[in-house]
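As a plain string of letters, each chain reads:
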Amino acid sequence: MSDQAVLHVKGRVLVGPEDIRDELWVIDGRISYDRPAAAADDVRTVDGWALPGLVDAHCHVGLGTHGPVDAGTAEQQALTDRDAGTLLLRDAGSPSDTRWIDDREDLPKIIRAGRHIARTRRYIRNFAHEIEPDDLVAYVAQEARRGDGWVKLVGDWIDRGLGDLSACWPRDAVEAAIAEAHRLGARVTAHCFAEDALRDLVEAGIDCIEHATGLTDELIPLFASRGVAIVPTLVNIATFPKLADDGNAKFPRWSAHMRRLYERRYDTVRSAYDAGVPVYVGTDAGGSLAHGLVAAEVAELVTAGIPAVEALSATAWGAREWLGRPGLEEGAPADFVVYEADPRADVRVLASPRRVVLNGLVVE
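Just so we're clear, the structure is a prediction, and the values are computed from it rather than from any experiment.

Cut-offs and rules
- Residues numbered from 1 in each chain as written.
- Predicted model: local features only at pLDDT ≥ 70, side-chain atom pairs only at ≥ 80, totals over all residues.
- Heavy atoms only, no water.
- Helix = DSSP H or I, 4+ residues; strand = E, 2+ residues; numbered from the N terminus.
- Rg over C-alpha atoms; globule rule 2.2 N^0.38 Å.
- Buried < 20%, exposed > 50% of the residue type's maximum accessible area, 1.4 Å probe, protein only.
- Pairing = 2+ DSSP bridges.
- Axes fitted to C-alpha atoms, helices over the stretch in contact; angles between N-to-C directions.
- Contact = heavy atoms within 4.5 Å.
- Phe/Tyr/Trp six-rings, centres within 6.5 Å; stacked < 30°, edge-to-face > 60°.
- Lys NZ or Arg CZ within 6 Å of the ring centre and 35° of its normal.
- Patch = residues over 30% accessible without salt bridge, like charges linked within 9 Å, V, L, I, M, F, W, Y side chains within 5 Å.
- Areas by Shrake-Rupley, 256 points an atom, 1.4 Å probe, with all protein chains shown as cover.
- Salt bridge = Lys/Arg side-chain N within 4 Å of Asp/Glu carboxyl O.
- Lys, Arg positive; Asp, Glu negative; His and termini not counted.
- Charge placed at Lys NZ, Arg CZ, Asp CG, Glu CD.
- Parallel < 35°, antiparallel > 145°, perpendicular 65-115°, else oblique.
- Left-handed = near helix turned anticlockwise from the far one by under 90°.
- Nonpolar A, V, L, I, M, F, W, Y, C, P; charged D, E, K, R; others polar.
- Expected span 1.5 Å × (residues − 1).
- Arc of directions from axis to C-beta.

Novice: Could you clarify how one ought to interpret the overall build of the chain in this entry?
Specialist: Per the secondary structure count, the chain includes twelve helices and 20 strands. Against the 2.2 N^0.38 benchmark of 21 Å for 364 residues, the chain shows a C-alpha radius of gyration of 21 Å, consistent with a compact globule. By its C-alpha atoms, the chain is 70 × 40 × 35 Å across when sized along the principal axes. Looking at the 364 residues of the chain, the share that counts as buried comes to 57%.

Below you can see the structure in the form of structure tokens.
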């Protein structure tokens, strides 16, 4: 990191998709649009297109393929995101304690959802609390207190008896659990690949669904009317064909289902967007997927048919508003990324940040 008393950004500052300014100043780690009175001798200037620090609304810091990882590995995960311009992470479930990251000015800010809460033997080993429905309310309350305003459920997973994906929780259990989370001031999201769990979760008051590959034409209006957001994680859904191939011999029904979900993924996301369902960028980094993939996920949303500016908002202005964190407002922490060209015109620009500024410090 390079410590600068005053930073001057010149070019185009994208405060919002249509709110564009010619310059901003960073003073004591905060954004200002007023030129400082005495900054002539100690100013660093950066030219380009400035955008609020990108958001990955579904990632996992401190999680590896087999469960929790050591602090050094978690640090590298966070640094990889930072260097890609991803400065705000919603950690959608991790078994590791990453609170030490909050004390590091050189690492992205994290909004935690505690640890995944899953049904017994119905999720990836060592990732989640594995419990039965009678304990769901208590564990949701526990993770609501440990997290930063979010709780993460595993809404569906393969049922080995059925040989296919199925809902994990009975309706009364999720109703009581979501009500408890809301009472404690936390929002609730759930991993869902398939169709079966979605109606119960939405009608029970859930706030967000991760992946949402099981959305149907029948369910999309329900999501839209309730304002339930989705985080499609299309870079993760790209792994479905290999998963299906690997599991075909043992679970052919599940494998065929996963292929169908994959094949209609773009139509699903575009139909949800067209109906007014809020869509946000998330990669599912951690576990088996690499960090630093936000640019690829934005490009996937565009491929699905979401307009470029809206796909950009899903990782910038809109995502920050949804998560209750500031963007490039006067006095906000100076967390932003500078690009050589206008990312609204071509989102592929996001893959090549010119400068990353975190807490007012330029990442070198």
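Novice: Sorry if this is basic, but what is going on with the sheet that holds strand β3 (residues 30-32) here?
Specialist: Working definition: the strands of a sheet are paired by backbone hydrogen bonds and lie parallel or antiparallel to each other. Across the sheet, which stays open at both edges, the seven strands sit in the order β3-β2-β1-β4-β18-β19-β20 with mixed pairing between neighbours. Of all strands in the sheet, those bounded by a partner on one side alone are β3 and β20 (361-363). For this sheet the average axis-to-axis angle between neighbouring strands, irrespective of direction, equals 40°. Pairing geometry for strand β2 (residues 20-27) and β3, over three bridges, is antiparallel. In the sheet register, V26 faces β3, and the bridge partner there is I31.

Novice: Even after reading the chapter, I still don't get the sheet that holds strand β8 (residues 86-91), so can you show me in this structure?
Specialist: Read across the open sheet, the three strands follow the order β5-β8-β9; overall the sheet is parallel. Sheet topology places β5 (54-59) and β9 (109-112) at the edges, where each strand pairs with a single neighbour. Strand after strand, the sheet turns through a mean of 20° between neighbouring axes, direction not considered. Pairing of β8 with β9 involves four bridges; the strand directions are parallel.

Novice: Which parts of the structure should I look at to understand helix α10 (residues 294-304)?
Specialist: Turning to α10, its buried residues are V294, A295, E297, V298, E300, L301 and A304. Looking at the packing, one finds that the buried side of α10 touches β5, β8, α6 (234-237), α9 (265-274) and α11 (308-313). Within two residues after α10, G305 carries a phi angle of roughly 110°, on the positive side.

Novice: I would appreciate a short explanation of the environment of P17 in the present structure.
Specialist: Take P17: it is sitting in the loop between β1 (6-14) and β2. Of the residues examined, P17 reaches a relative accessible area of 28% and is grouped as partly exposed. P17 sits 327 residues away from R344 along the chain, and the two C-alpha atoms are 8.0 Å apart. For P17, the residues in contact, after removing those within four places along its chain, are V309, W317 and R344.

Novice: How should the packing of aromatic side chains be read in this particular structure?
Specialist: Here a ring pair, both rings aromatic, is described through the centre-centre distance and the interplanar angle of the planes. Throughout the structure, instances matching the rule amount to six aromatic pairs. By way of ring pairs, the aromatic residues Y123, F127, W157, F193 and F240 are connected into one cluster. Geometry around Y262 places R265 over its ring, the cationic atom sitting 3.9 Å from the centre. Here the basic side chain of R265 rests over the ring of Y266, its NZ or CZ set 4.1 Å away from the ring centre.

Novice: When you look at a positive patch on the surface in this model, what are you seeing that I'm missing?
Specialist: Taken together, the side chains of R121, R125, R160 and K250 make up a positively charged region of the molecular surface. With respect to the helices and strands, R121 occurs in the loop between β10 (117-119) and β11 (129-131).

Novice: What should I look at first to understand the packing of helix α7 (residues 240-247) against helix α8 (residues 252-263) in this one?
Specialist: Between two packed helices, the angle of one axis relative to the other and the distance separating the axes together describe the packing. Their axes nearest at 8 Å, the elements α7 and α8 cross at an angle of 165°. Relative to α8, α7 is oriented roughly antiparallel. The handedness of the crossing between α7 and α8 comes out as left-handed. Contacts between α7 and α8 pair F240, P241, L243, A244, D245 and G247 from the former with P252, W254, S255, M258, R259, L261 and Y262 from the latter. When grouped by side-chain class, the residues that make up the contact of α7 with α8 number nine nonpolar, two polar and two charged.

Novice: Whenever I open this one, α8 confuses me. Can you help?
Specialist: Owing to its 3.6 residues per turn, the α-helix brings residues three or four apart onto one side. An ideal rise of 1.5 Å per residue puts 16 Å on twelve residues; α8 measures up with 17 Å between its terminal C-alpha atoms. For α8, the complete set of buried residues consists of W254, S255, H257, M258 and L261. Burial along α8 is one-sided: seen end-on, the buried residues are contained in an arc of 160°. Here the buried face of α8 lies against β13 (156-159), β14 (164-167), α7 and α9.

Novice: What is the right way to read the environment of V269 from this model?
Specialist: As for its placement among the helices and strands, V269 is situated in helix α9. The class for V269 is buried, based on a relative accessible area of 4%. C-alpha separation for the pair V269 and H116, spaced 153 residues apart in sequence, amounts to 24 Å. Sequence-distant contacts of V269, that is, excluding residues within four places in its chain, are made with P232, L234, L301, A304 and I306.

Novice: Got a minute to help me understand unusual backbone geometry in this structure?
Specialist: Negative phi characterises most residues that are not glycine, and trans characterises most peptide bonds. Positive phi, close to 50°, is recorded for T233, a residue that is not glycine. Position of T233 among the secondary structure elements: in the loop between β17 (229-231) and α6.

Novice: Is there a simple way to explain the pairing of β1 in this structure?
Specialist: Where a strand is regular, its side chains alternate between the two sheet faces. In this sheet, β2 lies alongside β1 in antiparallel orientation, the contact comprising seven bridges. Bridging across to β2, V9 finds its partner in L24. The antiparallel pairing of β1 with β2 creates a hairpin that spans five residues between the two strands. Pairing of β1 with strand β4 (residues 43-52) involves eight bridges; the strand directions are parallel. In the strand pairing of β4, V13 is matched with A50.

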